Amino acid sequence: MARLLLMTKTSSPKQIELTDERVLIGRDATNDLQIDRPRVSRHHAELRTEGATTWVIDLASSNGTFVNGHKVQHRVLRHGDVMRIGDIELRYLNRPGAYAPERELTLAE
């Protein structure tokens with residue numbers, strides 16, 4: 001099952017299972033994944049999964065959605081891709097055992 005590893009500069013990584021076909025990400029409380037940060041739009045991005053394929057779709061956000069440092073409107077995600085939404089990084093993982101909790105991961109500065 002695919003998952004995200006949410007990484008910030010101030011806290012330990014948090015693993016989020018992607019169990020739904022559609023996951024809305026943004027600052028507003030109505031999102032499936034709420035990220036209450038000033039640089040994150042109210043409705044920032046959507047993750048859409050069909051079978052083994054997951055897309056990230058920017059929802060006309062103010063600051064954009066980036067994958068591996070490139071601004072994207074929509075893109076298929078691959079294992080290990082890093083999305084940046086505002087000042088938050090989300091690493092996309094879709095292989096069994098891809099995240100070992102004992103490994104320390106930090107947000108790239």
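Summary of the structure given here. (Residues numbered from 1 in each chain as written. Predicted model: local features only at pLDDT ≥ 70, side-chain atom pairs only at ≥ 80, totals over all residues. Heavy atoms only, no water.)

## So, the side chain of His44
Part 1 of the argument: Looking at the secondary structure, you find His44 in the loop between β4 (33-34) and β5 (45-50).
Part 2 of the argument: Given the relative accessible area of 0%, His44 is considered buried.
Part 3 of the argument: Within polar-contact distance, the side chain of His44 engages the side chain of Ser61 at 3.3 Å.
Part 4 of the argument: Side-chain polar atoms of His44 contact the side chain of Thr65, separated by 3.5 Å. (Helix = DSSP H or I, 4+ residues; strand = E, 2+ residues; numbered from the N terminus. Buried < 20%, exposed > 50% of the residue type's maximum accessible area, 1.4 Å probe, protein only. Polar contact = N/O pair within 3.5 Å; in protein donor to acceptor, adjacent residues only side chain to side chain.)

## Some remarks on the pattern of salt bridges
Part 1 of the argument: Scanning the entire structure with this criterion turns up five salt bridges.
Part 2 of the argument: Measuring nitrogen to oxygen at the nearest pair gives 2.9 Å for the salt bridge that ties Glu46 to Arg48.
Part 3 of the argument: For Glu46, a relative accessible area of 4% gives the class buried.
Part 4 of the argument: Where Asp81 meets Arg75, a salt bridge forms, and the shortest distance between an N and an O atom there is 2.9 Å.
Part 5 of the argument: Three or more residues joined by partner-sharing salt bridges are found here, namely Arg22, Glu46 and Arg48. (Salt bridge = Lys/Arg side-chain N within 4 Å of Asp/Glu carboxyl O.)

## A word on the environment of Arg48
Part 1 of the argument: Examined against the element boundaries, Arg48 turns out to sit in strand β5.
Part 2 of the argument: Counting along the chain gives 24 residues from Arg48 to Leu24, while the straight-line C-alpha distance between them is 8.8 Å.
Part 3 of the argument: Beyond its immediate stretch of four places on either side in the chain, Arg48 contacts Glu21, Thr53, Thr54, Trp55 and Ile57.
Part 4 of the argument: At a separation of 2.9 Å, a polar atom in the side chain of Arg48 contacts the side chain of Glu46. (Contact = heavy atoms within 4.5 Å.)

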